[in-house]
There are 2 protein chains.
Amino acid sequence: MKYQIFWSLGLFTLILNNHQILAQTLPASPQLIPFNSSEGEQLLIDSQARQDYFRLSNQFVTQINQAYCGVASSVMVLNALEIPAPESPQTKPFRVFTQENFFVGVASWNKNREETKKVISADLIAKRGMTLAQLGGLLTSHGAKVNVYYGADLDLDRFRSLLRQNLSERDNFAIVNYLRKTIGQERGGHISPIAAYHQLTDRFLILDVSRYKYPPVWVKAVDLWQAIKTIDTDAGKTRGFVLVTK
Amino acid sequence: MKYQIFWSLGLFTLILNNHQILAQTLPASPQLIPFNSSEGEQLLIDSQARQDYFRLSNQFVTQINQAYCGVASSVMVLNALEIPAPESPQTKPFRVFTQENFFVGVASWNKNREETKKVISADLIAKRGMTLAQLGGLLTSHGAKVNVYYGADLDLDRFRSLLRQNLSERDNFAIVNYLRKTIGQERGGHISPIAAYHQLTDRFLILDVSRYKYPPVWVKAVDLWQAIKTIDTDAGKTRGFVLVTK
């Protein structure tokens, strides 16, 4: 397909130019609307379901290693929910969730946090990333209330309505686990928060935590739905999303 | 004054509760409108000069040490301008400005960057922070075009019109160096990007890079103007702002 040739070319150029300075992010697929464009910005202004956007963008972080998309997404949502955070040496006395303290935990005032490391270790996630179930487990271990939804269990209408409802409410957030390739990106499984829905174009805004690689993008609901119905071979299940609240 | 008592109480509570989990950020001063509120969000939607907001929020970072507000602000603006970035080990092969590589530089494709360390060293900034002149010099050393404005040289109308004009244009950005105390915050000199202007309330939106301490805030133009007319004793001059473009 046209965009795949475009991709290959883009990646090829990127590798060739590794010592030049052209590539800030990868080129956008024609099936996506980049948020860092006038059109992408206008979609947010016109959105009727953007309650989560501002609070998430105030917490927007870049994943600190190539497998920490789930950790970065969790940190954004836990901070946006103002869930009691562990100590953070660099911000003391202010407490905040960071990708560095996400697995530290064990705070007397929150014994749930003792559970964090039992879900999966930081080392393993840094190698393999996390599954949807692990994402839910880790968020729960930090004191959030989490509902996990698998792509296999959702038709398009249910998928769209669950996310749109969440995005139209202030105090809950959505994190999606999807296959990049299906939405026209390079390439594997990925995790990022969803920030808004635009009804007229039927698109969701993904705040991609690999900010060095892609800007946030508006993706068609049907494409994102197909991208969560893919199989995560580490999990032996489809991908999906989590809805998170206090 | 009322808000100062409020502040002292807030800080006192914060210190008392250092081992509890109440303090996510410091309480807002009555003279500020927090951006993480429905009112604060609506001001952005209603703003006629918000061209810089989205591109900056996509690059929003938290300063990595208590004196790196100028480095964090510079990284946001350099990335928003898509100025050729140095290598970044954690994002290779993607290049991006980070607070870690800001002083590394010395790239063959940009000999300007050899100048970066001559302006001021990372160690010194980590101890003392940077002056407005150093902020301008560092941004220039990375290839940006910079105009430096000192508070002493600006009346309120000129201050407001220079920033409003910049915020209504896509391809240039503004970073302000101000005294927190003057706008009702704790306490010293600080540096952060400005993202939008709201005419009806005559307020500017500051994307505060110490995100663990304060949310972004809408500040009255007159208060911010007075806060840049204060003396930075390290510089022996008033504070002010820089306008930055490619």
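Residues numbered from 1 in each chain as written. Chains lettered and ligands numbered in written order. Predicted model: local features only at pLDDT ≥ 70, side-chain atom pairs only at ≥ 80, totals over all residues. Heavy atoms only, no water.

Some remarks on the interface of chain B and chain A
Line of reasoning, step 1. Contacts between the two partners involve 45 residues from chain B, matched on the other side by 45 residues from chain A.
Line of reasoning, step 2. Summing both partners gives a buried area of about 4300 Å² for chain B against chain A, and 52% of it is carried by carbon and sulfur.
Line of reasoning, step 3. Here chain B and chain A share two salt bridges between them.
Line of reasoning, step 4. Salt-bridge contacts for A:Arg170 lead to B:Glu41; the nearest nitrogen and oxygen are separated by 2.9 Å.
Line of reasoning, step 5. Along the contact surface separating chain B from chain A lie 12 residue pairs in polar contact (both at pLDDT 80 or more).
Line of reasoning, step 6. Secondary structure elements with two or more residues in the side of chain B that touches chain A: α2 (38–46) and α3 (53–57) of chain B.
Line of reasoning, step 7. By residue class, the composition of the side of chain B that touches chain A is 21 nonpolar, 14 polar and 10 charged. (Contact = heavy atoms within 4.5 Å. Buried area = accessible area lost by both parts, 1.4 Å probe. Salt bridge = Lys/Arg side-chain N within 4 Å of Asp/Glu carboxyl O. Polar contact = N/O pair within 3.5 Å; in protein donor to acceptor, adjacent residues only side chain to side chain. Helix = DSSP H or I, 4+ residues; strand = E, 2+ residues; numbered from the N terminus. Nonpolar A, V, L, I, M, F, W, Y, C, P; charged D, E, K, R; others polar.)

Observations regarding the nonpolar core
Line of reasoning, step 1. By size, the foremost hydrophobic cluster in this structure holds 91 residues, and its most contacted members are A:Tyr53, A:Leu205, B:Tyr53, B:Leu139 and B:Leu205.
Line of reasoning, step 2. Ignoring anything within four residues of it in the chain, the contact list for A:Leu205 reads A:Phe35, A:Leu44, A:Tyr53, A:Pro193, A:Ile194, A:Ala195, A:Ala196, A:Pro216, A:Val217 and A:Trp218. (Core = buried A, V, L, I, M, F, W, Y, C linked by side-chain atoms within 4.5 Å. Buried < 20%, exposed > 50% of the residue type's maximum accessible area, 1.4 Å probe, protein only.)

Quick word on unusual backbone geometry
Negative phi values dominate among residues other than glycine, just as trans dominates among peptide bonds.
Residue and element names in this part refer to chain A.
Line of reasoning, step 1. The amide bond that connects Lys92 to the next residue, Pro93, takes the cis arrangement and shows omega of 5°.
Line of reasoning, step 2. Structurally, Pro93 is set in the loop between α4 (69–80) and α5 (116–119).
Line of reasoning, step 3. Going from Glu186 to Arg187, the amide bond is cis rather than trans, its omega being 5°.
Line of reasoning, step 4. Here Arg187 is to be found in the loop between α9 (180–183) and β4 (189–198).
Line of reasoning, step 5. Non-glycine residue Glu82 carries a positive phi angle of around 55°.

Some words on the pattern of salt bridges
Residue and element names in this part refer to chain A.
Line of reasoning, step 1. Inspection of every chain in the model, using the stated rule, returns 14 salt bridges over all chains.
Line of reasoning, step 2. A salt bridge links Arg160 to Asp202, with the nearest nitrogen and oxygen atoms 2.8 Å apart. One end of the pair, Arg160, is in helix α8 (residues 156–167); the other, Asp202, is in the loop between β4 and β5 (203–206), and 42 residues separate them in sequence. Each member of the pair Arg160 and Asp202 is classed as buried.
Line of reasoning, step 3. What you see here is one network of salt bridges that share partners, running through Asp157, Arg160 and Asp202.

Quick notes on the packing of aromatic side chains
Line of reasoning, step 1. Applying the stated criterion across every chain yields a total of 22 aromatic pairs over all chains.
Line of reasoning, step 2. Between A:Phe35 and A:Tyr53 the ring centres are 5.6 Å apart and the planes differ by 65°, which places this aromatic pair in the edge-to-face class. In this pair, A:Phe35 is assigned in the loop between β1 (32–34) and α2 (38–46) and A:Tyr53 in helix α3 (residues 53–57), connecting sequence segments 18 residues apart. Across the pair, exposure class does not vary: A:Phe35 and A:Tyr53 are buried alike.
Line of reasoning, step 3. Three or more aromatic residues joined by ring pairs make a cluster, and in this case those are A:Phe35, A:Tyr53, A:Phe54, B:Phe35, B:Tyr53 and B:Phe54.
Line of reasoning, step 4. For A:Arg211, the ring lying beneath its charged end belongs to A:Phe60, and the centroid distance is 4.5 Å. (Phe/Tyr/Trp six-rings, centres within 6.5 Å; stacked < 30°, edge-to-face > 60°. Lys NZ or Arg CZ within 6 Å of the ring centre and 35° of its normal.)

What about helix α8 (residues 156–167) of chain B?
Residues separated by three or four positions in an α-helix point in the same direction, a consequence of the helix having 3.6 residues per turn.
Residues and elements named next belong to chain B.
Line of reasoning, step 1. With 12 residues, α8 ought to run about 16 Å at 1.5 Å a step, and its terminal C-alpha atoms sit 16 Å apart, in line with that.
Line of reasoning, step 2. Burial in α8 covers these residues: Phe159, Arg160, Leu162, Leu163, Asn166 and Leu167. Burial along α8 is one-sided: seen end-on, the buried residues are contained in an arc of 165°.
Line of reasoning, step 3. Buried positions along α8 lie against β2 (145–150), β3 (172–179), β4 (189–198), β5 (203–206), α9 (221–228) and β9 (240–245).
Line of reasoning, step 4. Sitting at the amino-terminal end of α8 is Asp155, which places a side-chain oxygen 3.3 Å from the backbone nitrogen of Asp157. (Expected span 1.5 Å × (residues − 1). Arc of directions from axis to C-beta.)

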